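This is what each chain is made of:
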Amino acid sequence: MTTANLPQSTVDFSLDQEAREALFTEARSAIAFDSGEVDAELVTRAWDLAKWGPSSMNTQPLRLVVARSDAARAAVIDAAMPGNRPKLEQAPLLLVAAHDERFHDHHEITAPGFAGFHERFESNPEMRASLATSGAMLQLGYLIIALRAEGLALRPYGGFDKAALDATLMPEGWRSEVLLGIGRPAAGDDQSGERRGRIPADLGVREL
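Residues numbered from 1 in each chain as written. Predicted model: local features only at pLDDT ≥ 70, side-chain atom pairs only at ≥ 80, totals over all residues. Heavy atoms only, no water.

Visitor: When you look at the environment of Gly135 in this model, what are you seeing that I'm missing?
Guide: If you trace the backbone, Gly135 turns up in helix 7 (residues 125-149). For Gly135 and Ala153, which are 18 residues apart along the polypeptide, the C-alpha to C-alpha distance reads 23 Å. (Helix = DSSP H or I, 4+ residues; strand = E, 2+ residues; numbered from the N terminus.)

Visitor: Help me understand the packing of aromatic side chains in this model?
Guide: Note on aromatic pairs: each is described by the distance of the centres and the angle between the planes. Throughout the structure, instances matching the rule amount to three aromatic pairs. Relative to Phe117, the ring of Phe114 has its centre 5.3 Å away and its plane inclined at 65°; by these criteria the two rings are edge-to-face. Overall, the relative accessible area of 38% leaves Phe114 in the partly exposed class. For the pair Phe117 and Phe121, a centre-to-centre distance of 5.0 Å together with 55° between the ring planes defines the contact as tilted. In this pair, Phe117 and Phe121 are both assigned in helix 6 (residues 117-122), four residues apart and thus about one turn of the helix distant. As far as burial versus exposure is concerned, Phe117 and Phe121 are alike and both buried. Here the aromatic residues Phe103, Phe114, Phe117 and Phe121 are joined through ring pairs into a cluster of three or more. (Phe/Tyr/Trp six-rings, centres within 6.5 Å; stacked < 30°, edge-to-face > 60°. Buried < 20%, exposed > 50% of the residue type's maximum accessible area, 1.4 Å probe, protein only.)

Visitor: I keep staring at the pattern of salt bridges and nothing clicks. Help me out?
Guide: Where charged atoms from two side chains of opposite charge come close, those side chains can pair. Evaluated as defined, the whole model comprises eight salt bridges. Among the ionic pairs, Asp105 bridges to Arg102, the shortest N-O distance being 3.0 Å. On the accessibility criterion, Arg102 (29% relative accessible area) is partly exposed. Salt bridges here are not isolated pairs; linked through shared partners, they connect Glu41, Arg45 and Glu150. (Salt bridge = Lys/Arg side-chain N within 4 Å of Asp/Glu carboxyl O.)

Visitor: It is not clear to me how the environment of Gly151 should be interpreted in this structure. Could you clarify?
Guide: Here Gly151 is to be found in the loop between helix 7 and strand 3 (153-157). Gly151 gets classed as partly exposed once you look at its relative accessible area, which sits at 45%. With 128 residues separating them along the chain, Gly151 and Leu23 place their C-alpha atoms 9.2 Å apart.

Visitor: Even after reading the chapter, I still don't get a nonpolar patch on the surface, so can you show me in this structure?
Guide: A contiguous nonpolar surface patch, about 340 Å² in accessible area, is contributed by Phe13, Leu15 and Phe24. With respect to the helices and strands, the residue Phe24 is situated in helix 1 (residues 17-25). (Patch = residues over 30% accessible without salt bridge, like charges linked within 9 Å, V, L, I, M, F, W, Y side chains within 5 Å. Areas by Shrake-Rupley, 256 points an atom, 1.4 Å probe, with all protein chains shown as cover.)

Visitor: Would you take a moment to explain the sheet that holds strand 3 for this structure?
Guide: By way of backbone hydrogen bonds, the strands of a sheet pair with one another, either parallel or antiparallel. Within the open sheet, the four strands sit side by side as 1-2-4-3. Their pairing is antiparallel. Looking at the sheet topology across the chains shown, the edges are occupied by strand 1 (62-67) and strand 3. Adjacent strand axes in the sheet meet at a mean angle of 30°, parallel and antiparallel pairs treated alike. Here five bridges tie strand 3 to strand 4 (residues 174-183), and the two strands are oriented antiparallel to one another. From the neighbouring strand, Tyr157 faces strand 4, where its bridge partner is Leu179. Running over the sheet, helix 2 (residues 40-50) touches strand 1, strand 2 (93-100) and strand 4 and is turned about 175° from strand 1. (Pairing = 2+ DSSP bridges. Axes fitted to C-alpha atoms, helices over the stretch in contact; angles between N-to-C directions. Contact = heavy atoms within 4.5 Å.)

Everything listed here is a matter of coordinates, which is why it stays silent on function.
See below:
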């Protein structure tokens, strides 16, 4: 039997070194990008890849606003901290990662047959708000890797006026969390700066 005929769970699989470098060890948080636009299809493909990552009860609270128009770009840049504005201006495309406070309204897609799912979250706003935020951040991690898999570089930004951006760009019930400047990195110097250290496993992993 060939591996193509085996159940997916039984097939040994790991990324090769080139893929690991592209997604993790050599990927950088670029500031300078080339002048090319980011095709909408790349964002859609990244979303459709990232959505398969595991989440709590298969909830999917992450939402994206693609700020492509001049007005939307201006709203994102104006909401950012002054030090981040010049960096965001260099990005060909700006995304706003948000969470949906009403994510449980889509339970027929994400949790069909889960008895009492909607009622459970509807009756507990505090639990719903907590999962909306933590779940969106988990999904954002998947999305960042998926965008890299599409050949894009990005830099996330957390310093911005969320209330102002929510009032300007967010649909009802969506709450902004992180800004992303994305594009293809500039050749030569993408202004990502010197690679900084990371905590090694002996400091960050404890086996009990």
